[in-house]
Every structure is written in C-alpha cells, then in structure tokens.
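This is what each chain is made of:
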Amino acid sequence: MQNFLKINDKDNVVVALVPISQGEEILVEWDGRKKTVTAGQDIPAGHKMAICDIKKGGEVIKYGYRIGNATEDIKEGEWIHTHNIKTALGELLDYTYEPVPVEEKRTEDVTFQGFQRPDGKVGVRNEIWIIPTVGCVNNVATAIARAANAFVKGSVEEVIAFPHPYGCSQMGDDQEHTRTILADLINHPNAGGVLVLGLGCENSNIDVLKSYIGEYDENRVKFLVAQECEDEIVQAVEIIKGLIDYAAGFEREPISVSRLVVGMKCGGSDGLSGITANPLVGQFSDLLISKGGTTILTEVPEMFGAETILMNRCADEALFEKTVALINDFKNYFKSHNQTIYENPSPGNKKGGISTLEDKSLGCTQKSGSAQVKGVLAYGETVKTPGLNLLSAPGNDLVAATALAAAGAHIVLFTTGRGTPFASPVPTMKISTNSGLAGRKSNWIDFNAGVLVEGSTMAEETKKLFDYVVEVASGKQVCSEAAGFHDMAIFKQGVTL
C-alpha cells in the first residue's frame, strides 16, 4: 500500500493514507512531472501535506477544488491543517444555472425479498411501531414494546417504540415538523402495524395528528389515548396482539430494487471519507439509480462550498432554483440565530484531517455520485420522484437520519471515519472509511470501505456494497439492529413554551 494519495491532477496537497514521518521522501506526479517531496513534519493519517510552496492567501486545492486559503506561507512538505488554512467561503451567494451533461445509464434489474403492502408501497422490515404523540408517554411506549415483544410471531420481526421529547409546548414550524415527521413514520412501509399512543391533552393529540396522517388502513394503524384508559399498558398490548396477527399475514417476496429508497449520510468524518466511503456510496447511488431506484442526500450545511456541483446537475432550472432555496434558506436559518454559517467541522472531523467546511463538503457530496438531481425535498416531505433527491435537514446525525427515514428511505447508508453506534427508525448501515476503525469496532461497522486504499478496486467494492444492501433489504440485520438500537430525533428550531 502506498503511504499517500493525490486525488486530482489540480491538487497542491496529498493525503496521508498512513502516518508520514518527518524527513520521509515520497514521489509525487505533480503538474505533469514527477518530483520527490520530503515531509517537513510528521503528517497524521488522513491529513494533508503540501506538494509545492503555497503563499499566504493562496488557494489550497483538494479534489480539484479550493478548500480554503493559506493563512501563512506554507512550504513544500509541510502539514496543512486548521493552524495554517481558513475557509474561503462567504455567506449568501447568487448562483447561475450552468447544467453539466449527465449520462443516464440503465442496468439489469435485481430483486430483493421485501414486503408488498396493500397500498402499493413496499417495506424491507415487518415491524410493529409504537409512535408516541408526545414525550409524556415515552416510558409507557417503551414498557408496551417490552411487554408486547413476547407475542411476536411469524414474519413479524419486532415491536419497537420510538420515544421523542416533543408533541406539546411547541409553536410554529417546530410543532408542524413534529406532526409531519410523526405522520411520515406512521405511514412508513417498514412498519407492518402501528400503534399511535397519545396522552390526551397535548397540542399534537391524536385527533389533530389524523389530518396529517391522511387516509390509513384501519387494520394497520390503531390509536390509544392513555388518559382514557384504566391500564394503558394492558390495553395497548391487547391492541398490538391484533396488529401482530395482521402483520403476520405478510411474507417476503421478490421485489424489484427499482422500488428501493436509500438515504445517504455521513458523520464523524476523517481525511479518508472523501477518498473511500463517500465515493463508494456515490458509486452505489449511481448503480441503484441505473436500475430505477432512488437515493436521498441530506445534511444541507455540509453541502456549503460544494453546492454548485449539485446545482449544475439538476435536471431542469426549476430544480436548480429549489436547490438554491435549499442552500440559502439554511444559511438564513443560521443567520437568524446569529450563528456563523461557515463554522469549522467538529473536533472529531478535525482530528481525522478535515480542516475547513469546504474540505468536509467536497468529500460529503461525493455520496451523490454523478446522477442528475431529480427531486428537492423540504424537511418532512416524502420522496415522489425516482433517482437522486436532495432533502433539507441539518448535519446532526440523529436528526438527519430520522429525516431520511421520514422522507421514505427504507435503509440509511452512514459513512464514518470515527465510528458511532446510533441507529434510526430504519436499518442504518455503518460504512467505515478506514480499516483500523472496522477492525476496532466490528460491533458498530457493517462494511469496510478502507480496503479501497489497500488494493481493492472501486468496481469490486461497489458490487459488494450493492449486494450487501440487497441482503439487508431482504432481512439481514445491520449491527445497530442486532444490538437492539432504534433512535429517532426531530428537528427543533424555535421556542419551547
């Protein structure tokens, strides 16, 4: 294995694949010629080293794009990180639609073993979900799930409660977001049956929530108001027994992957995220779309600095304008709270080698592959158009992954260089950027993309990842599911009464 990688011919940095020691010489092909660069300092794995002198104020180039400007003169061979580079991004920008040609491919269909629902939707799980309307009944919901799991049978896999702290004392968009996300989850096809558990006096009570749910199958969705019961746990378990009987009537059957919706998210990134795991997910996205499937990319703040790449891949100007609004609305959200738009990445990202938001974003957006953008979704909106979709949601892992599930994702692919055990309402597959993490945290990591810098090819790993996703869609548990983890989080922006 080589000890560094140069990503693009325009780059004036290389990324250390393993730690590079001070004084170590590396041979780099740069500017059309080969040259030997001597490391002027120890360079940690995932971090950047200059391969030419960069003057103070000069552009630092990675992925073929500017990731910031030097804050001091940087000598050839020096370590480049937050101590000598800063973001070059501004705030609100004007954009021009400059569409780039995108080749649309079609490849042979593949099937997975899923659940066909009466309303035409398909699911990759056959679970019973308990959705609390308000945080006051969270512990009751958890107790009901614990008791009801004793009655699981047949094709029903588990009874799961999804506690959350909202549903009352909320105003404006926060209240709307809570109601919309809860309704989205109630309608999600991974749930063969749903118990909506209310308290009775909350703002987002069951009667209010029903208008957000819309038409529903009375065999599949049941409601219970705790204040109207003598023993809500006993009564709820009896209701769930009926839901289990109903859901057990579904069996897995072959379903085209064109029906599959996969969310894409990253977190705890490192310097290899944009080299291994994120491009791999991008290749997976292109492959699924070539078979008629759908992917969803989110975490809007981590598009800042790379947004024009997505804008210029929009299928038409109307989608371009929606993408501009997606970006600028999120910038205005930051400004309305007097927060810096281009805040540097998290401490974990920095430790892993990410120096600026552009550095993070240019790696992050590689999860979108090369397909045209066919849909742009507001927070809480469900996907309607096959192909690549962009979804408005923040970078927070739990909030964004929940938003992907609410938008209709059957599965979430989550790339990480640092590792995390969290889950979401749908199977959340962890893809490591490096083999060290995959080896240390085999109880967290489902797929290792680190082998891409150890001799394995992108084509080989894309096929392996695609096959693995089909296995998961067909019932194979990911690590967080096997551990019994099921998280959800709703985006909160405003006042709590």
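As the structure is a prediction and not an experimental result, all values here were calculated from the model.

Undergrad: Before we move on, can you summarise unusual backbone geometry with the specific residues and values?
TA: Outside of glycine, negative phi angles account for most residues, and trans bonds account for most peptide bonds. In this structure, Tyr 63 is a non-glycine residue whose phi angle is positive, near 60 degrees. Looking at the secondary structure, you find Tyr 63 in the loop between strand 6 (59–62) and strand 7 (65–70). Owing to a relative accessible area of 8%, Tyr 63 belongs among the buried residues under this scheme. Positive phi outside glycine occurs at Asn 338, with the angle close to 55 degrees. By secondary structure assignment, the location of Asn 338 is in the loop between helix 7 (317–336) and helix 8 (347–351).

Undergrad: Which residues make up the packing of aromatic side chains, and what values go with them?
TA: A complete count under the given rule lists 14 aromatic pairs for this structure. Aromatic side chains Tyr 333 and Phe 334 sit 5.9 Å apart centroid to centroid with 80 degrees between the ring planes, which places their arrangement in the edge-to-face category. Here Phe 334 falls in the buried class, since its relative accessible area comes to 18%. Ring pairing ties together the aromatic residues Phe 304, Phe 330, Tyr 333, Phe 334, Tyr 379 and Phe 491, which thus form one cluster.

Undergrad: Lay out the environment of Glu 176 with the relevant residues and their values.
TA: Mapped onto the secondary structure, Glu 176 falls in helix 2 (residues 172–186). Given a relative accessible area of 32%, Glu 176 falls into the partly exposed group. A sequence separation of 36 residues divides Glu 176 from Tyr 212, and the C-alpha atoms of the two residues are 9.5 Å apart. A distance of 2.9 Å separates a polar atom in the side chain of Glu 176 from a polar atom in the side chain of Tyr 212.

Rules of the game
Residues numbered from 1 in each chain as written. Predicted model: local features only at pLDDT ≥ 70, side-chain atom pairs only at ≥ 80, totals over all residues. Heavy atoms only, no water. Helix = DSSP H or I, 4+ residues; strand = E, 2+ residues; numbered from the N terminus. Buried < 20%, exposed > 50% of the residue type's maximum accessible area, 1.4 Å probe, protein only. Phe/Tyr/Trp six-rings, centres within 6.5 Å; stacked < 30°, edge-to-face > 60°. Polar contact = N/O pair within 3.5 Å; in protein donor to acceptor, adjacent residues only side chain to side chain.

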